[in-house]
Amino acid sequence: MTRVYYGFSRVAAAAENSTVALNNAADISVIVVYFLVVLAVGVCAMVRTNRATVGGFFLAGRSMVWWPIGASLFASNIGSGHFVGIAGTGAAAGIAIGGFEWNALIVVVILGWMFVPIYIKAGVVTMPEYLKKRFGGQRIRMYLSLLSLCLYVFTKISADMFSGAIFINQALGLNIYLAVIALLAITALYTVTGGLAAVIYTDTLQTIIMVVGSFILMGFAFDKVGGYESFQQRYMNAVPSITTNISAECFEPRADSFHIFRDAVTGDLPWPGLVFGLTIQATWYWCTDQVIVQRCLSAKSLSHVKGGCILCGYLKLLPMFLMVFPGMISRILYPDEVACVDPAECIKHCGASVGCTNIAYPKLVVDLMPNGLRGLMLSVMMASLMSSLTSIFNSASTLFTMDVYTRLRRRASERELMVAGRVFILGLIGVSIAWIPVVQNAQSGQLFDYIQSITSFLTPPVAAVFMLAIFCKRVNEPGAFYGLTIGLAIGLSRMIAEFVYGTGSCVTPSNCPTIICGVHYLYFSIILFSVSCLLIFGISLVTKPIPDKHLYRLCWSLRNSTEERVDIEDDDWNENREENRETKEKDDEEEKKPGLCKRVVLGFCGLEQKEVVTLSPEEEEEMKRKLTDTSEVPLWRNVANANALILLCVAVFFHGFYA
């Protein structure tokens, strides 16, 4: 039987027909050294940090400085899905996809200067926790936690694993599911044991590896095509030799391939959508997503948050040159494989009938790089895959533990929460692997378009709630909840329709009704965001407002208030921490000293028993003050502000130059 659900058989067939590219001592040695170094860094961070508490495991004890935060923000965002997806879309349609990366240069400034100060003052660990403090009740917090976990499966974990599997299949000829499971085992090892500190330090190392390796490949690629001018000319003529009777528009490069801003009606990425629709998605991702914000909350001061955001912004300039351009060069060098248009030919080359642009970057690495450097680039792909996955695993674990598990087990001890968070990661991995086949055939085989389309359907209501929660104190819980749920229903109607009808391809278009699927996903994002804002604000106006005493330091207009805030609803787990502490002290007195083997296992997982330190009310108040402090040294505040202005000018210049 050759046709199986969503192409499982085709994936396996492609793996069986692949040749082994990494079969020499130099490549294998580089990969082995890479893994040893990464594990050493992770273990070192694991040993040196306090992982036995919620603050230590999930927020690295608020001790991180700006440069690892910036590197971790970049590495958490740039997964193997970017190397495969952005390069693939670049090969298919030109440089416009690079605008997705450059949009972040502006949004990270908004993150560091407007959103994070509110989160720090609120004293929160997770984003759903912030909404609970802001609006009260549990339904919004639970809604956002579950939606975030679903998005991690649909758009992050499964997409990263799939893209990593494509590269490994091209390079090693291994069955992609076997390769993914092996990588996940290593990735989960230091995520489960090390906590956020280990993730951030390994992200910093992997950022260096990714940037250096990508620059080397870019140099080889441009040398192969004869420089930038030759690259522009040859790309416009890169067409496959086998086209049968298929329309030329399906295989010829777009006339606007070297423009970021494209026609508002006929463009594949219309400029209003790129400017406004993408900014909505970017606001959700960079300013409200747990993976990103959690790194900022680990900073030792607000100045370090801003410095990390600026460093991340400058690093986000690189994907256009390190991923998009090489992907386009891959189409020039391998037009029959990368730009294939005939379904039978595409199945032969990559195992998917909708197109093979996703193999653009992996094929460039396997065919261009010499021995040793090819192993380095495989390490780069593994680094991007693992750094992204570790960040997501840690943040997903935080969401589940702090926002879901504490509702199921209100009297859970701190140690129990640590165990629950680690076990949850394993279940998340299993669900994500099962979703991989769906990712393969979505959005004409263009992985990055798939990720962005799902984001456009599900996240605009969340972005609307956070923006209004911070900048409009009149918004209340009924408005936020019904805005979220109605917005979700609208978004799901579009997403489900696309899955039912399929997104199709240029050769075999989808028969989804135009009224449902005819609106570009970036325009749909704008519409959904606007509708959600109107619903949230409208419902809030006709319902009872939240008194100011519940909003001190939770919204922008009251951010500097020094009055004591009265929480709308106490946190269930916090209510029982004192009781949990007393129970733990009693249990520790009764429990015998564990054996050697048990002590080793508990120590490795950061669950070792330690003497309970009882703080006085004054000491607890001082600790709380430090965790919610946003004060800055005037010199470094001015340095950060000046660098932010320079970054914004750089963003405007690059958009204008390639517009």
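Described below are features of the structure shown in this document. A quick note: this is a predicted structure, and the numbers were derived from the prediction, not measured.

## Describing empty space enclosed by the protein
Part 1: In this structure the tally under the stated criterion is seven cavities of 30 Å³ or more.
Part 2: By volume, the largest cavity is sized at about 410 Å³.
Part 3: What lines the largest cavity is a set of 26 residues, among which N77, H82, Y285, I451 and Q452 lie closest to the centre.
Part 4: At the level of elements, α4 (66–77), α5 (80–93), α6 (98–102), α9 (139–172), α12 (271–288), α19 (373–408) and α21 (447–458) are the ones that each hand at least two residues to the lining of the largest cavity.
Part 5: Taken together, the residues that form the lining of the largest cavity break down as 12 nonpolar, 10 polar and four charged.

## Re the packing of α21 against helix α25 (residues 521–541)
Part 1: It is at 8 Å that the axes of α21 and α25 come closest, and there the two elements cross at 20°. As the angle between them shows, α21 and α25 are arranged roughly parallel. Regarding α21 and α25, the two cross each other, and that crossing is left-handed. Along its contact with α21, which presents D449, Q452, S453, S456 and F457, the element α25 presents Y521, L522, F524, S525 and L528.

## Thoughts on α25
Part 1: Under the 1.5 Å per step criterion, the end-to-end length of α25 is 30 Å for 21 residues, consistent within 8% with the ideal 30 Å.
Part 2: Along α25, the positions that sit buried rather than exposed are Y521, L522, F524, S525, L528, F529, S532, C533, I536 and S540. Each buried residue of α25 sits inside an arc of 165° when the element is viewed along its axis, so together they form one side.

## A look at the state of the cysteines
Part 1: Taken as a whole, this structure holds two disulfides when the rule is applied.
Part 2: Across the disulfide from C340 sits C346; the S-S distance is 2.2 Å. Judged by the sign of its S-S torsion, about 125°, the cystine formed by C340 and C346 is right-handed.
Part 3: Looking at C346, the relative accessible area reads 1%, which means it is buried.
Part 4: Between the sulfur atoms of C512 and its disulfide partner C517 the distance amounts to 1.9 Å. Measuring the twist about the S-S bond at about 65°, one finds the C512-C517 disulfide to be right-handed.

## Regarding the packing of helix α7 (residues 104–122) against helix α22 (residues 460–471)
Part 1: Across the interface, α7 lies against α22 with an axial gap of 11 Å and an inter-helix angle of 70°. Taken as axis vectors, α7 and α22 run roughly perpendicular relative to one another. Residue-level inspection shows M114, F115, I118 and Y119 of α7 in contact with α22, the latter providing F466, M467, I470 and F471.
Part 2: Here the residues of the contact of α7 with α22 are counted per class, giving eight nonpolar, no polar and no charged.

## Some remarks on the nonpolar core
Soluble globular proteins: nonpolar side chains tend toward being buried together.
Part 1: Of all hydrophobic cores here, the largest spans 182 residues; its most connected members are Y119, Y130 and W286.
Part 2: Setting aside chain neighbours within four positions, we find Y130 in contact with I118, Y119, A122, V124, F466, A469, I470 and L554.

## A short note on the packing of aromatic side chains
Part 1: Applying the stated criterion to the full structure yields 28 aromatic pairs.
Part 2: An angle of 50° between the planes, with centres 6.3 Å apart, marks the rings of F115 and Y119 as tilted. One end of the pair, F115, and the other, Y119, are both in helix α7, four residues apart, so they sit about a helical turn from each other. The same class applies to F115 and to Y119, which are both buried.

What counts and how
- Residues numbered from 1 in each chain as written.
- Predicted model: local features only at pLDDT ≥ 70, side-chain atom pairs only at ≥ 80, totals over all residues.
- Heavy atoms only, no water.
- 1 Å grid on protein atoms, 1.4 Å probe; cavity = no way out; pocket = protein on both sides within 12 Å on 5 of 7 lines; lining within 4 Å.
- Points joined across faces, edges and corners; volume = space filled by probe spheres on them.
- Helix = DSSP H or I, 4+ residues; strand = E, 2+ residues; numbered from the N terminus.
- Nonpolar A, V, L, I, M, F, W, Y, C, P; charged D, E, K, R; others polar.
- Axes fitted to C-alpha atoms, helices over the stretch in contact; angles between N-to-C directions.
- Parallel < 35°, antiparallel > 145°, perpendicular 65-115°, else oblique.
- Left-handed = near helix turned anticlockwise from the far one by under 90°.
- Contact = heavy atoms within 4.5 Å.
- Expected span 1.5 Å × (residues − 1).
- Buried < 20%, exposed > 50% of the residue type's maximum accessible area, 1.4 Å probe, protein only.
- Arc of directions from axis to C-beta.
- Disulfide = S-S within 2.5 Å.
- Core = buried A, V, L, I, M, F, W, Y, C linked by side-chain atoms within 4.5 Å.
- Phe/Tyr/Trp six-rings, centres within 6.5 Å; stacked < 30°, edge-to-face > 60°.

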